[in-house]
Every structure is written in C-alpha cells, then in structure tokens.
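This is what each chain is made of:
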Amino acid sequence: MLFRSALHARMKKRLRERQWQRAFDIWKHLRQQTLTSPELFLDAVYCLTKMQQTREAVQLLDESLRTYKIEGTASFFGRVGDMALEIDNPTAQQVAERAYKSAIAKLSSRVTQ
C-alpha cells in the first residue's frame, strides 16, 4: 500500500500540474499491478475527461461501480454520479443513475442499522 500511496501522490502532483496524460499513465501502471482504489479510479476519470476521452471516462466510471459495488461508500457513489452527470451522453446518464441508487442504498442501510 505504501507503493500505491507514493504513486498516487505523484499522480496528484501531475494533476495539479495539468499533465493529464502523465497522470493517467501512473493510473495505468497501478491498475496493471492491481493496486487501485476508489479515489484512484476517480482521478483517472478526471484525467480522461480533461483529455476529451469521454467514452473511456464513462467506461471507467462504470467499471468503478462494479469494482467497488460492495465496499464503496455513499460518498464514492455520489462522486461517481456527479462525474457521470457532467458527461453529456445517455450512457453516462445511466451510470449516474446507478451510482446515485447505490449511494442511496448505502445511506439507507446505515440508517436502518
């Protein structure tokens, strides 16, 4: 996890520097090593949207929902929904709807416990 944290910090630095491709390359490396996290998924989607790769961004948002279906937090699902809503296409809107439903389910389960 220390390796992932160090590379995520480097990725965040590239994001601040607006070096979208270099930041995304770090994501790809971490993904190949199976060292992802919800936050890393969202940062990778941000890179893709900045590089005008909206189809890939929507695919990655959808993948993040599947990957963190169980352990994702309501906040994570809400952020996925917000990011998907910013992409103007029907598939992104469907991803947003699923993300918000997951966020509501997480919040509901916390209230009933």
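What you are looking at is a predicted structure, and each value in this text was computed from that prediction instead of being measured.

Analysis parameters
- Throughout, residues of each chain are indexed from 1 in the direction in which the sequence is written.
- Residue-level local features of this predicted model are given only where pLDDT is at least 70; pairs of side-chain atoms are given and counted only at 80 or more, and the full residue set underlies all totals for whole chains, interfaces and linings.
- As a rule here, side-chain values cover all heavy atoms of the structure and leave hydrogens and water aside.
- Secondary structure elements are defined from DSSP: runs of H or I of at least 4 residues count as helices, runs of E of at least 2 residues count as strands, and each element is numbered from the N terminus.
- Throughout, exposure labels follow a simple rule: accessible area from a 1.4 Å probe, protein chains only, divided by the maximum for the residue type, with under 20% read as buried, over 50% as exposed, and the rest as partly exposed.
- Pairing of N or O atoms within 3.5 Å defines a polar contact, subject to two protein rules: one partner must be a possible hydrogen donor and the other a possible acceptor, and residues neighboring in sequence count only if both atoms are side-chain atoms.
- Here, nonpolar core refers to any group of buried Ala, Val, Leu, Ile, Met, Phe, Trp, Tyr and Cys residues whose side-chain atoms link them within 4.5 Å.

Student: Help me understand the environment of Asn89, please; the structure alone is not making it clear to me.
Tutor: Positionally, Asn89 belongs in the loop between helix H5 (74-85) and helix H6 (90-112). Residue classification places Asn89 among the partly exposed residues on the basis of a relative accessible area of 22%. For the pair Asn89 and Lys106, spaced 17 residues apart in sequence, the C-alpha separation works out to 26 Å. Within the structure, Asn89 has its side chain in polar contact with the backbone nitrogen of Thr91 (distance 3.0 Å).

Student: Even after reading the chapter, I still don't get the nonpolar core, so can you show me in this structure?
Tutor: Nonpolar side chains tend to gather and get buried jointly when the protein is soluble and globular. One finds Met11, Phe24, Trp27, Leu60, Leu61 and Val80 to be the most contacted residues of the largest nonpolar core, which totals 34 residues. For this core, the element with the most residues is helix H3 (residues 38-50), which contributes seven residues.

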